[in-house]
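Spelled out, the chains give:
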Amino acid sequence: MKRRYSIGIDFGTESGRALLVDLTNGEEVATHVTVYSHGVIGEKLPGSGQKLGTDWALQHPGDYMEVLRRSVSEVLRTASVNMEDVVGIGVDFTACTMMPLDSTGTPLCLKAEWREDPHSWVKLWKHHAAQTEANRMNEIAKARGETFLPRYGGKVSSEWMIPKIWQILNEAPHIYEAADMFMEAADWIVMQMTGEQIRNSCAAGYKALWNKREGYPSRGFLQSLDPAMADLAETKLRGTIAPLGSKAGGLSWEMAGVMGLCPGTAVAVGNIDAHAMVPACGVVTPGKLVMAMGTSTCHLMLSDKEVHAEGISGVVEDGIVAGLYGYEAGQAAVGDIFAWYVDHAVPAYIKQAATEAGITVYEWLEREASAYLPGQSGLIALDWWNGNRSVLADADLSGLLLGCTLQTKPEEIYRALIEATAFGTRKIIEAFTDSGIDVDELYACGGLPQRNRLLMQIYADVTGREIKIADSVQTAALGAAMFGAVAAGSEEGGYDSIVDAAAKMAQLRKETFKPNPAHAAIYDELYKQYSELQDIFGRGGSQVMKKLKEIKVKG
Ligand SMILES: Nc1ncnc2c1ncn2[C@@H]1O[C@H](COP(=O)(O)OP(=O)(O)O)[C@@H](O)[C@H]1O
Ligand SMILES: O=C(CO)[C@H](O)[C@H](O)COP(=O)(O)O
């Protein structure tokens, strides 16, 4: 039988990658990563060098195009696959990663007249500078009894589309005015490939408050935020919203040339990175919590019922797999906390020791931290280095490390940071189970489970549950490739549904992580302390974190 392929393109926080997958069995034939040359723009604008404010995080759209240009042709070249045998393309992206466009679909930051205004740039998912707008939106939505609010755990996040747009209107009304449309980067990149302006229902649902039955928030609500935004839904957020797995269009002649593929190749509508990973773990039925663990962690669940739970970021009908309610919760920093620690807080002698041992600093710290028992260091941390997404939904919270003494070692701190992220995940699991959504099994995917065994064991011990691991190292890209195969359809050698694609293309590793009962018992005790700290610092017991932020922002 002739082999058929699909390409998944995963746009992460620091880099993008293409993965060429065999449709019959999910074999990952070739992969290529392109690191974004502008990275995450957090301090100053490229070109003008203009300084950015606290909590800003921007990106350059040219970096996304570079991934299409370099990584796609590279996977075809290394795999020696004929372009005619690639039947589908799917993309997944971080979200809400959004940008203002002019009427030709060009990002405003690429135009000379707007380039020096920070608000013309792509706002990355972790741009947290719209917290004031999110707070105000929450107050207004609550006061008006808006029906959308309970679907989002009672709180809209500063990471999402409407707070980000409102921040633009408040701080740069000329950019709001100049924007013909605001678009998720996932939809923009699909538009670059196909020429079709189609929004995906996943990002619209989780990040722009859109609902299959009710649409976007009402004109009355948007007007109550600012009269200038009254018509936002039908103007700057206009366009078809299509379900996951739909074909957005065929690859254009121009982009086919750029990417080394055939014109007309089916391109699926975009998807969110974490959500694409769910079917790539083989999860298409309720009761299985998928942890997409990388820079951040997203927690995804399927259920046949809709419940509204405090701290669960969103429930969207058909949001992950058609026919089921998809739930998302998350931690805004996990790998990012370890990256901060390794890059900015680890002493030189450890870097030296790691170099001498021929391993990375992460590996050195993992090796040393593995020698400790739970509780042995006397440390505990709150994992809020990038605010708290679930269950408190508050970007103004910050990290905390408690219990340091003159004997404290860097590897003990590293272990405490890992444990803190595991406690945060346990809070999320409890938020699901307390609201009546059963969590029967845990699945882990993303970069971290592949790289850090200690971390996975700590998660099993802290949650008291066995954890299954996705076999794919590129789970998001695999998920995207699966949706690409669905967009192509079975007649072209693809699949007719994501459930069919998952049955053939998703694999799990044989090895799982099982809790150690003795360690789990100590972690139960430590978790009580974590919960107490969460209530003190996150639920109004102490205003210290808020005050520190206030003083910092005032400068
Ligand atoms: N050995 C390791 N242990 C723990 N974290 C690691 C290790 N190696 C890299 N990381 C973290 O992994 C994160 C990147 O995860 P990855 O899944 O590759 O990316 P993304 O989430 O952006 O798609 C970084 O934040 C980095 O700090
Ligand atoms: O909020 C998201 C998904 O809903 C972001 O896309 C995600 O948290 C960032 O992903 P990553 O950690 O893989 O860079």
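What you see is a predicted model, and the numbers here were worked out from it, not measured in a lab.

Chemist: Mind showing me how you'd approach the pairing of strand β17 (residues 325-331) here?
Modeler: The two faces of a sheet get side chains in turn, since along a regular strand they alternate between them. Counting buried residues in β17 gives 7 out of 7 residues, a clear majority hidden from the surface. Of the strand pairs in this sheet, strand β15 (residues 297-303) and β17 are connected by 7 bridges, and their pairing is antiparallel. Bridge pairing in β17 places Cys298 opposite Gly330. Looking at chain direction, strand β16 (residues 314-317) and β17 are connected through 4 bridges and run antiparallel. Paired with Gly314 across the bridge in β17 is Glu328.

Chemist: Help me out: how do you make sense of unusual backbone geometry in this one?
Modeler: Trans is the common state for peptide bonds, and a negative phi is the common state for residues other than glycine. The amide bond that connects Ala95 to the next residue, Cys96, takes the cis arrangement and shows omega of -5°. For the bond from Ser390 to Val391, the omega torsion is 10°, close enough to zero to count as cis. With respect to the helices and strands, Val391 occurs in the loop between β18 (380-382) and β19 (400-402). Positive phi is not limited to glycine here, since Asp55 has a value of about 70°. Looking at the secondary structure, you find Asp55 in the loop between β3 (28-35) and β4 (58-59). A positive phi angle is found at Leu209, which is not glycine, with a value near 60°.

Chemist: How should the UniProt feature "domain: Carbohydrate kinase FGGY N-terminal" (unreviewed entry) in the chain be read in this particular structure?
Modeler: UniProt records the feature "domain: Carbohydrate kinase FGGY N-terminal" (unreviewed entry) for residues 5-275 in the present numbering. Secondary structure across residues 5-275 divides into 31% helix and 21% strand, with the first and last C-alpha atoms of the span separated by 21 Å.

Chemist: Hey, could you run me through the packing of helix α10 (residues 335-344) against helix α13 (residues 410-434) in this one?
Modeler: Two quantities define a packed helix pair, namely the angle between the axes and the distance from one axis to the other. The interhelical angle for the contact between α10 and α13, taken along N-to-C directions, is 165°, at an axis separation of 10 Å. Judged by the angle between their axes, α10 and α13 are roughly antiparallel. Our pair here, α10 against α13, has a crossing hand that is right-handed. Contacts between α10 and α13 involve Ile337, Phe338 and Tyr341 from the first element and Pro410, Ile413, Tyr414, Leu417, Ile418 and Thr421 from the second.

Calculation criteria
Within any chain, residue numbers begin from 1 and follow the written order of that chain's sequence. Following the order in which they are written, the chains are lettered starting with A and the ligands numbered starting with 1. Restriction of local features to residues with pLDDT of at least 70 applies here, the model being predicted, together with a cutoff of 80 or more for giving and counting side-chain atom pairs; totals for whole chains, interfaces and linings are based on all residues. Water and hydrogen atoms were dropped before computing side-chain values, which therefore reflect all heavy atoms in the structure. Accessibility here uses a 1.4 Å probe with only protein chains present; expressed as a share of the type maximum, an area under 20% marks a residue as buried, one over 50% as exposed, and anything in between as partly exposed. Going along the chain from the N terminus, every DSSP run of H or I of four or more residues is numbered as a helix, and every run of E of two or more is numbered as a strand. Each pair of strands is called paired provided DSSP finds at least two bridges between the two strands. UniProt positions are given in the numbering used here, feature names are shortened, and annotations may be inferred rather than shown by experiment. Axes here refer to lines fitted to C-alpha atoms; in helices the fit is confined to the stretch in contact. Angles between the N-to-C directions go from 0 to 180 degrees. Each angle is binned into one of four classes, with values under 35 degrees roughly parallel, values over 145 roughly antiparallel, values of 65 to 115 roughly perpendicular, and all other values oblique. Crossing handedness: left-handed means the near helix sits turned counterclockwise from the far one by under a right angle, and right-handed means the same turn made clockwise. Contacts: residue pairs with any heavy atoms within 4.5 Å of one another.

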